[in-house]
Amino acid sequence: MKITTRFSPSPTGFLHIGGVRTALYSWLFARKYGGSFILRIEDTDIQRIKKDSVTDILFGLKYLGLSWDKGPIYQSDRLKIYQDIILFMLKKKIAYKCYCSQKRLEKLRKKQILNKKKPKYDKKCRNALFIFKKSNIPYVIRFKNPDKGFVTFKDMVRGNIRFSNEELDDLILQRSNGTPTYNFCVVVDDWKMNITHVIRGDDHINNTPRQINLLNALGAEIPMYAHASMILDPSRKKLSKRNNVMSLKSYIEEGFVPEAILNYIVRLGWSYKDKEIFSREEMISLFNLKSISKSPSILNYKKLLWLNHYYFNHLSLKEKYKYFSTYIKDKKIILDSKSDIRGLIKDFLCHYNTLKEFSISYSYFYEDINLSKVDNMHFYCSAMNVKILKFLHQNFSLLNVWNTKNILEEIQKSVLYFKIFFQDVAILLRIGISGKKNTPNISSIILYIGKDKLLFRINNFIEYIKYYLNK
Ligand code: GLU
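Looking up the chain in an unreviewed UniProt entry gives the name Glutamate--tRNA ligase, with the organism given as Buchnera aphidicola. We quote the UniProt Sequence similarities (unreviewed entry) comment for the chain here in full: "Belongs to the class-I aminoacyl-tRNA synthetase family. Glutamate--tRNA ligase type 1 subfamily."

Chemist: I tried to follow the nonpolar core on my own but got confused; where do I start?
Modeler: Considering soluble globular proteins, one finds that nonpolar side chains tend to be buried as a cluster. By size, the foremost hydrophobic cluster in this structure holds 107 residues, and its most contacted members are Leu24, Phe365, Phe396, Leu429 and Ile446. Ranked by residue count, the leading element in this core is helix α1 (residues 17-32), at 9 residues. Cys185, Val187, Ile205 and Leu218 belong to the second largest nonpolar core, which has 31 residues in total.

Chemist: What's the story with the site of the ligand in this structure? I'm lost.
Modeler: All residues in the neighbourhood of the ligand are listed as Arg6, Ser8, Pro9, Ser10, Glu42, Tyr182, Arg200 and His204. Between the ligand and the protein, one listed contact pairs an oxygen atom with a side-chain N or O atom of Tyr182 at 3.1 Å. Protein coverage of the free-state accessible area of the ligand, which is 300 Å², stands at 83%. When grouped by side-chain class, the residues that make up the shell around the ligand number 2 nonpolar, 3 polar and 3 charged.

Chemist: Would you mind showing me how to read the pairing of strand β2 (residues 36-41) here?
Modeler: As a general feature of sheets, a regular strand has side chains that alternate between the two faces. For β2, the tally of buried residues reaches 6 of 6 residues, placing the bulk of the element in the interior. In β2, alternate side chains face the same way, and those of Ser36, Ile38 and Arg40 on one face and Phe37, Leu39 and Ile41 on the other are all buried. Note: strand β1 (residues 4-7) against β2, 4 bridges, orientation parallel. Residue Phe7 lies in a different strand from β2, and its bridge partner there is Leu39. The parallel pair β1 and β2 is bridged by α1, and the resulting crossover is right-handed. As judged from the 3 bridges shared by β2 and strand β3 (residues 70-74), these two strands associate in the parallel manner. Along β3, the bridge assignment pairs Ile41 with Tyr74. Chirality of the crossover, the property in question, places the unit of β2, helix α2 (residues 53-64) and β3 among those that are right-handed.

Reading the values: the criteria
- Per-chain numbering applies: the sequence of each chain, read as written, is numbered from 1 onward.
- Under the rules for a predicted model, residues below a pLDDT of 70 receive no local features and side-chain atom pairs below 80 are neither given nor counted, while totals for whole chains, interfaces and linings still include all residues.
- Hydrogen atoms and water are omitted, and side-chain values are computed over all heavy atoms in the structure.
- UniProt positions are given in the numbering used here, feature names are shortened, and annotations may be inferred rather than shown by experiment.
- To define a nonpolar core, start from buried Ala, Val, Leu, Ile, Met, Phe, Trp, Tyr and Cys residues and group those joined through side-chain atoms within 4.5 Å.
- Summary of the burial criterion: residues with accessible area below 20% of their type's maximum are buried, those above 50% are exposed, and those between are partly exposed, where the area comes from a 1.4 Å probe applied to protein chains only.
- Helix numbers and strand numbers start at the N terminus; a helix is a DSSP run of H or I with at least 4 residues, a strand a run of E with at least 2.
- We define proximity as follows: a residue is near a molecule or strand when any one of its heavy atoms falls within 4 Å of that partner.
- Pairs of N or O atoms are called polar contacts if they sit within 3.5 Å, as long as, within protein, a hydrogen donor faces a hydrogen acceptor (for residues adjacent in sequence, only side-chain-to-side-chain pairs).
- Every accessible area reported is derived by Shrake-Rupley at a probe size of 1.4 Å, with residue values counting cover from the shown protein chains alone.
- For this classification, the nonpolar set comprises Ala, Val, Leu, Ile, Met, Phe, Trp, Tyr, Cys and Pro, the charged set comprises Asp, Glu, Lys and Arg, and every other residue, Gly included, is treated as polar.
- A pair of strands is labelled paired if DSSP reports no fewer than 2 bridges between them.
- The handedness rule is simple: strands pointing away from the viewer, and a clockwise path from the first strand over the helix to the second, make the crossover right-handed.

Laid out in structure tokens, this is it:
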């Protein structure tokens, strides 16, 4: 049997953490067994579709490296397939047209609630097709759910689950506007795409018996099901799609690398001994459905920060540079070749938790600085400082071998020449280069910012002071 899993999001919003976890578990399971992972976009409910949602889903999966073997398959491209199966079901009398008006259904619902009964369609049209011959009355198509007995299935996470058929409604397969419904399309696709394992969130547990009844009626193979428990926010509230905290996009914008995000998400409801760090390969080889937790998992932002920090310390320089340059590019910033960003990353990224923090701290490497924003700038605007800066400019421009030793020597020369402290020169250089009074050690900053940018910024600083003194 070839293992086939699928990730089948409805494009009704941004890809969220719960969705990523479903995709990841399904992807891991397929990869572990050399199976196939299908990406299917469930877009038949036109009213709920959100513009840009598919783009966001595809972008997110690509960012995380969750590659699919088939797809994206759009359900909206498969309407003919669903239509044919519905016609077949009507012919076989396992489905029927229901002409009940919204008004009637609403009245029925209210009455049932009042009588403390579970709201459910009363099957009025199930055996009364002959009453409605006129074709201009709107109708939906319903499935004849078995009246009696039970649906049982073995959930790979929760064990045996049983539902009484009396509890289940005659499911709508086709809306009155002619579009097929979620539960119906899922069944047709899981069947036609030979899905062997349906791995998804436990918000779908109630759909499973309905889908199994449909699969049985169609004579289809029943896949295995695994429902992962829900994810809660830190205050133990159920996450909602509206809650921004859980969109993958927001994590990408904060500058979390794929390794950290995947590592964080795999542990939201799955564990292997007390291991916390998993490489992609380890995730694939160690993942199993049995170890998915039955109890809810709770988001822990600090842990995500910790993991990102861990990967900043363990990824190769090449990978870190790749992530950083992509991150910056998405912010419409182009890195020029004048500065040595690789060197900067090599020495300093390890102190940070996110690419965003890092990019803000070192924005002066790739963005213009604003000297007028420096606190107490007037304090540094003296004729003496112009002299010091000119001296530094002159000496640095003659420096050929650009390394920290030589850079320090140049600073030292100005200290001796002007009989001032090292810190006095360092702070001038810091302000001139970065527009800040605090930076990591000045020789590294000069080394990485490069000669061209250094000379340019010293010149700017000189001009700024002159302008200030002449005001
Ligand atoms: N399209 C459904 C959703 O986005 C998932 C369907 C399924 O996994 O069966 O919630």
